[in-house]
Amino acid sequence: MSAPILVLAPDGRDADVIRLVLDAIGIASHACADLADVRRMLERDATALLLTEASLMQGLGGLADWLDTQPSWSDLPVILLTAQGSRRGHRARWDLFSRLGNVTILDRPLHADTLKSAARAAARARDRQYRTRSHMSQIEEAASRLEARVEEQTRDLRTAMAERERVEEALRQAQKMEAVGQLTGGVAHDFNNLLQAILGNLEALQDRVADREDALRHVRAASQAGERAATLTRRLLAFARRQPLSPASLNLNALVSGMQELVQRSVGEAIDIKVILAGGLWQTWADANQVENALLNLAINARDAMPGGGRLTIETANSHLDDRYVAAEAGLQAGQYVVLCVTDTGTGMAPEVIEHAFEPFFTTKPIGQGTGLGLSQLYGFARQSGGHAALYSEAGKGTTVKLYLPRHHGPERKEPAPVLPEAVRAQGDRTILVVEDEALVRLQLVESLEGRGYKVIETADPEAAIAVLATDVRIDLLATDVGLPGMNGRQLAEIARETRPGLPVLFLTGYAPNAAQGDEALGPRTQLLSKPFSVAALMVKIQGMLKSTDV
């Protein structure tokens with residue numbers, strides 16, 4: 001044991017004799033000059049304290065304070081050698097001795113063996129205390145490590161809970177948007193059927209009153225209102241991800257550069273436009289017309305948010321969305337995307353506004369100055385294209401909208417311009433099977449086709465159409481609504497081609513949930529026409545499809 005026994009024996013040769021006895025049994029000792037010296041040595045540690053009664057004539061001094069404030073593991077052994085022949089004394093003397101705490105009193109005359117035994121006992125007791133100190137230190141260290149682990153796990157748990165809450169909230173928002181999208185798509189489908197009947201009949205009426213300007217004026221006004229309603233439903237279908245798209249490999253840098261002048265004219269000279277085009281930008285797969293519309297709408301929104309002027313920044317970039325990010329976005333895949341980012345320095349949005357910004361018909365503009373369909377249309381287009389739309393804003397500090405479109409690894413491809421037939425007048429021997437469950441739309445279709453020389457067989461449901469297809473009646477083209485009772489138009493087309501291979505099929509639809517890739521994804525001799533459509537557009541489509549069968 002390295003710590004010595006401290007010896008305080010100021011009278012005669014007591015200190016020297018005591019040290020000789022302790023040396024004989026291998027216990028280190030240190031002679032102290034007075035109680036102050038003892039107090040200083042105790043700060044360095046000691047195995048025990050050996051005192052003579054004579055050393056306490058002036059009291060304990062600072063020693064009592066040290067003994068009273070020992071650590072919980074320590075109870076310093078004290079050996080007290082009484083004055084020779086003083087076995088008895090007054091009460092104050094014994095009270096003083098008791099203040100020494102763990103004290104062993106040895107009366108004189110004292111034999112060396114007695115002192116040795118007391119010293120060994122004190123050393124053993126102190127050694128047990130040291131082991132207790134070591135155990136307590138280990139326990140405290142283990143408790144500290146445990147507490148640190150608990151704190152770390154608590155932090156991890158809080159982080160995980162916060163992340164879970166974020167993901168759950170994002171999923172709830174995505175589910176809400178999906179539910180609203182389904183409802184919106186259904187409403188838009190019904191509206192398109194009604195608009196098809198309204199606009200089709202107005203078009204027929206316009207031909208009949210062409211020589212009456214007073215009546216023609218009202219027809220034109222009604223037609224314009226119908227066209228505005230059709231535009232509204234197209235935006236609703238965009239949000240619902242039901243609009244027909246014509247995607248192709250697209251260079252976003254070229255598109256932004258080509259639109260810079262148009263954007264500047266749209267926002268006015270008070271707004272400074274800064275364009276930052278990324279080097280080495282990937283190709284993306286998207287409908288160029290829809291991207292152009294999205295950019296123009298975002299620029300106009302930014303203009304409205306900066307009535308006193310400001311800065312509009314348009315950026316392109318490559319981006320990677322990881323698993324953690326897409327976990328909160330239902331239906332979004334992790335991977336590489338091309339980003340179109342539009343940032344303004346306008347009024348910005350409060351958090352409660354951001355929460356609803358992508359919802360249809362939500363707008364902060366005054367009545368009559370906005371439909372609330374701009375951002376919802378962007379959101380629907382992004383998700384229908386396999387991408388994502390994100391909005392970041394702070395009140396008074398501006399807004400950033402990011403459009404993520406999937407990377408395309410194939411070469412850039414330019415779509416050929418559509419070749420329209422030279423004439424739209426039909427041959428009298430052509431027979432078209434029309435399948436439409438909406439009576440008003442079916443009536444308008446039949447009258448339009450028969451008025452242009454086609455033979456028409458009409459049915460209101462797919463079962464009746466199948467019965468017609470099973471006969472020997474000549475059918476040159478099947479024109480069918482997509483949303484039919486019982487089975488849809490695609491299933492009807494598949495059944496029709498089992499008995500009539502190569503039969504041209506024209507899908508007529510108020511919305512196109514499976515036509516996101518345009519006509520190309522529909523297969524050969526199959527095309528799609530979205531309601532509401534004009535009679536002229538219908539005839540161009542039919543004439544082109546019938547001519548292709550003559551080749």
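What counts and how
- Residues numbered from 1 in each chain as written.
- Predicted model: local features only at pLDDT ≥ 70, side-chain atom pairs only at ≥ 80, totals over all residues.
- Heavy atoms only, no water.
- Core = buried A, V, L, I, M, F, W, Y, C linked by side-chain atoms within 4.5 Å.
- Buried < 20%, exposed > 50% of the residue type's maximum accessible area, 1.4 Å probe, protein only.
- Helix = DSSP H or I, 4+ residues; strand = E, 2+ residues; numbered from the N terminus.
- Contact = heavy atoms within 4.5 Å.
- Salt bridge = Lys/Arg side-chain N within 4 Å of Asp/Glu carboxyl O.
- Polar contact = N/O pair within 3.5 Å; in protein donor to acceptor, adjacent residues only side chain to side chain.
- Pairing = 2+ DSSP bridges.
- Axes fitted to C-alpha atoms, helices over the stretch in contact; angles between N-to-C directions.
- Parallel < 35°, antiparallel > 145°, perpendicular 65-115°, else oblique.
- Nonpolar A, V, L, I, M, F, W, Y, C, P; charged D, E, K, R; others polar.
- Arc of directions from axis to C-beta.
- Phe/Tyr/Trp six-rings, centres within 6.5 Å; stacked < 30°, edge-to-face > 60°.
- Left-handed = near helix turned anticlockwise from the far one by under 90°.

This part covers the nonpolar core. Side chains of nonpolar character tend, in soluble globular proteins, to be buried together. Ranked by size, the top nonpolar core spans 38 residues in total, and within it V263, V291, L295, L312 and L375 carry the most contacts. For this core, the secondary structure elements donating two or more residues are α7 (252-267), β7 (271-276), α8 (288-305), β9 (310-321), β10 (335-344), α11 (374-384), β11 (388-394) and β12 (398-408). For L375, the contacting residues outside a window of four places in its chain are L298, N301, M349, A357, F358, L391 and V401.

To continue, consider the pattern of salt bridges. Tallied over the full model, the rule gives 15 salt bridges. Salt-bridge contacts for R265 lead to E261; the nearest nitrogen and oxygen are separated by 3.3 Å. Here the residue R265 and the residue E261 both occupy positions in helix α7, the gap between them amounting to four residues, near one helical turn. When sorted by exposure, R265 lands in the same class as E261, which is exposed. Between D481 and K531 there is a salt bridge; the shortest N-O distance is 3.4 Å. Remark: K531 occurs in the loop between β17 (526-530) and α15 (535-550) and D481 occurs in strand β15 (residues 477-481); sequence separation between them is 50 residues.

Cis geometry marks the peptide bond from R108 to P109; its omega dihedral reads 0 degrees. Relative to the elements of secondary structure, P109 occurs in the loop between β5 (103-106) and α5 (112-208). Here the amide bond leading from K531 into P532 is cis, since omega sits at -10 degrees, within 30 degrees of zero. Inspection of the secondary structure assignment puts P532 in the loop between β17 and α15.

With that out of the way, let us pick up the side chain of R383. Inspection of the secondary structure assignment puts R383 in helix α11. Reaching out from R383, the side chain makes a polar contact with the backbone oxygen of G387 at a distance of 3.4 Å.

The five strands are arranged β2-β1-β3-β4-β5 in an open sheet whose pairing can be described as parallel. The two strands at the open ends of the sheet, each matched to only one other strand, are β2 (29-31) and β5. Each strand axis lies, on average, 20 degrees off the axis of its neighbour in the sheet, ignoring direction. As defined by bridge partners, strand β1 (residues 5-8) adjoins β2 across three bridges and the pair is classed as parallel. Counterpart to L6 in the pairing with β2 is H30.

With that settled, consider the sheet that holds β15. Strand order in this open sheet of five strands is β14-β13-β15-β16-β17, and the pairing throughout is parallel. At either margin of the open sheet sits one strand with a lone partner, and together these are β14 (455-459) and β17. When the angles between neighbouring strand axes are averaged without regard to direction, this sheet yields 20 degrees. This element, helix α13 (residues 462-469), spans β13 (431-435) and β14 of the sheet and lies at about 155 degrees to β13. Contacting β13, β15, β16 (505-509) and β17, helix α14 (residues 489-499) runs over the sheet at an angle of about 160 degrees to β15.

This part takes up the packing of α13 against α14. Helix-helix packing is characterised by the crossing angle of the two axes and by the distance between the axes. Axis separation between α13 and α14 bottoms out at 10 Å; the angle between their running directions is 10 degrees. Taken together, the axis directions place α13 and α14 in an arrangement best described as roughly parallel. Touching P462, A465, I466 and L469 of α13 are L492, I495, A496 and T499, all from α14. For the contact of α13 with α14, the class distribution of residues is seven nonpolar, one polar and no charged.

Every buried residue of α13 is accounted for by P462, A465, V468 and L469. Across the axial projection of α13, the buried residues extend over an arc of 115 degrees, all falling on one side.

This part takes up the packing of aromatic side chains. Applying the stated criterion across every chain yields a total of three aromatic pairs. Each ring, one from W94 and one from F97, has its centre 5.2 Å from the other, and the planes form 85 degrees; the classification is edge-to-face. Taken together, the residues span about one helical turn, with W94 and F97 both in helix α4 (residues 91-98) at a distance of three residues. Relative to Y404, the ring of Y337 lies with its centre 6.5 Å away and its plane at 85 degrees, an arrangement referred to as edge-to-face. Taken together, the positions of Y337 in strand β10 and Y404 in strand β12 put the pair 67 residues apart, joining distant regions of the chain. The same class applies to Y337 and to Y404, which are both buried.

This next bit is on the packing of α7 against α8. With their axes 10 Å apart at the nearest point, α7 and α8 run at an angle of 40 degrees to one another. Here α7 and α8 pass one another in a crossing that is right-handed. Within the contact between the two elements, α7 uses L252, L255, V256, M259, L262, V263, S266 and V267 and α8 uses A288, V291, E292, L295, L296, A299 and R303. The residue inventory of the contact of α7 with α8, partitioned by class, reads twelve nonpolar, one polar and two charged.

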